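Tertiary structure, described
The residues making up each chain are set out below.
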Amino acid sequence: MIAPGRRFEINDKDDILARAIIQENTGGKDPELSLAHDFLDELDMRLEQVKVYHPVMEMFRKRKLEEFFQLVPELCFLILSYLIYEGKLKQKGITFQNLTAFLTKALQAIMTSDIEAEVARELTAEILDGLQNGGRNFFLNTYNFKTGGLKKDM
């Protein structure tokens, strides 16, 4: 018997093996209900992983259209890489001036255009403020299926 829209028989060896693996991994339970239970078990962990990207997504949402400032969301990855490489791996302190000098040099290499010193300082401040959220915590309101209500995460 051939299932509609499928090019192979329902009883082919791969299909039988896949069903057996699913059945074994779900302990003989309904695979769809097993997915729903796994969803509940893993949701908090997955949301914690997503929360890491919240600052960057906020920068994308608030993107400015001015030259250089439109690049803030993308440049935050450059700044973060610099902070990790220079700060953590080389175990040295990094000043705002260090970041501004690096960003100026990097933009000249990436875009082959010069950036004024004041614009570089403002751009660096904009990136840092976006990553630090002005010193405030990032909040992520999520629905908690176990309690049946919204949970304000801190």
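Placed above this text is the structure.
Reading the values: the criteria
Residues numbered from 1 in each chain as written. Predicted model: local features only at pLDDT ≥ 70, side-chain atom pairs only at ≥ 80, totals over all residues. Heavy atoms only, no water. 1 Å grid on protein atoms, 1.4 Å probe; cavity = no way out; pocket = protein on both sides within 12 Å on 5 of 7 lines; lining within 4 Å. Points joined across faces, edges and corners; volume = space filled by probe spheres on them. Nonpolar A, V, L, I, M, F, W, Y, C, P; charged D, E, K, R; others polar. Phe/Tyr/Trp six-rings, centres within 6.5 Å; stacked < 30°, edge-to-face > 60°. Helix = DSSP H or I, 4+ residues; strand = E, 2+ residues; numbered from the N terminus. Buried < 20%, exposed > 50% of the residue type's maximum accessible area, 1.4 Å probe, protein only. Axes fitted to C-alpha atoms, helices over the stretch in contact; angles between N-to-C directions. Parallel < 35°, antiparallel > 145°, perpendicular 65-115°, else oblique. Contact = heavy atoms within 4.5 Å. Salt bridge = Lys/Arg side-chain N within 4 Å of Asp/Glu carboxyl O.

This brings us to empty space enclosed by the protein. In total, this model carries one cavity of 30 Å³ or more according to the counting rule given. Size it by volume and the largest cavity reaches roughly 70 Å³. Along the walls of the largest cavity sit Leu 40, Leu 43, Asp 44, Tyr 143, Asn 144, Phe 145 and Lys 146, which together make up its complete lining. Among the residues forming the lining of the largest cavity, the class breakdown is four nonpolar, one polar and two charged.

All chains considered together, the criterion is met by three aromatic pairs. Ring geometry for Tyr 82 versus Phe 102: centroids 4.1 Å apart, planes at 15°, classification stacked. Here Tyr 82 is found in helix 4 (residues 72-89), whereas its partner Phe 102 is found in helix 5 (residues 96-111), with 20 residues between them in sequence. When the ring of Tyr 143 is compared with that of Phe 145, the centres are 5.0 Å apart and the planes differ by 75°; the resulting orientation is edge-to-face. Here Tyr 143 falls in the partly exposed class, since its relative accessible area comes to 39%. Judged by relative accessible area, which is 46%, Phe 145 ranks as partly exposed. Members of the aromatic cluster, joined through ring pairs, are Phe 39, Tyr 143 and Phe 145.

With that out of the way, let us pick up the layout of surface pockets. Estimated volume of the largest pocket: approximately 310 Å³. Taken together, 16 residues form the lining of the largest pocket, with Glu 58, Met 59, Lys 62, Glu 126 and Gly 130 sitting closest to its centre. If you list the elements that add at least two residues to the lining of the largest pocket, you get helix 3 (54-61), helix 4 and helix 6 (117-132).

Time to look at the packing of helix 5 against helix 6. Running from N to C, helix 5 and helix 6 point in directions that differ by 110°, and their axes come no closer than 9 Å. Here helix 5 lies roughly perpendicular to helix 6, going by the angle between them. Two secondary-structure elements touch here, helix 5 through Phe 96, Leu 99, Thr 100, Leu 103, Thr 104 and Leu 107 and helix 6 through Ala 120, Arg 121, Leu 123, Thr 124, Ala 125, Ile 127 and Leu 128. Across the contact of helix 5 with helix 6, the residue classes break down as nine nonpolar, three polar and one charged.

This structure, assessed with the given rule, holds eight salt bridges. Linking Asp 44 and Lys 151 is a salt bridge whose minimum nitrogen-to-oxygen distance equals 3.8 Å. Taken together, the residues span a long stretch of sequence, with Asp 44 in helix 2 (residues 31-51) and Lys 151 in strand 2 (residues 149-153) at a distance of 107 residues. The partner of Glu 58 in a salt bridge is Arg 61, with the nearest N and O atoms 2.8 Å apart. One end of the pair is Glu 58 and the other is Arg 61, both in helix 3 and three residues apart, which spans about a single turn. In this structure Arg 61 comes out as exposed when scored by relative accessible area, which is 59%. Residues participating in the shared-partner salt-bridge network are Glu 58, Arg 61 and Lys 62.

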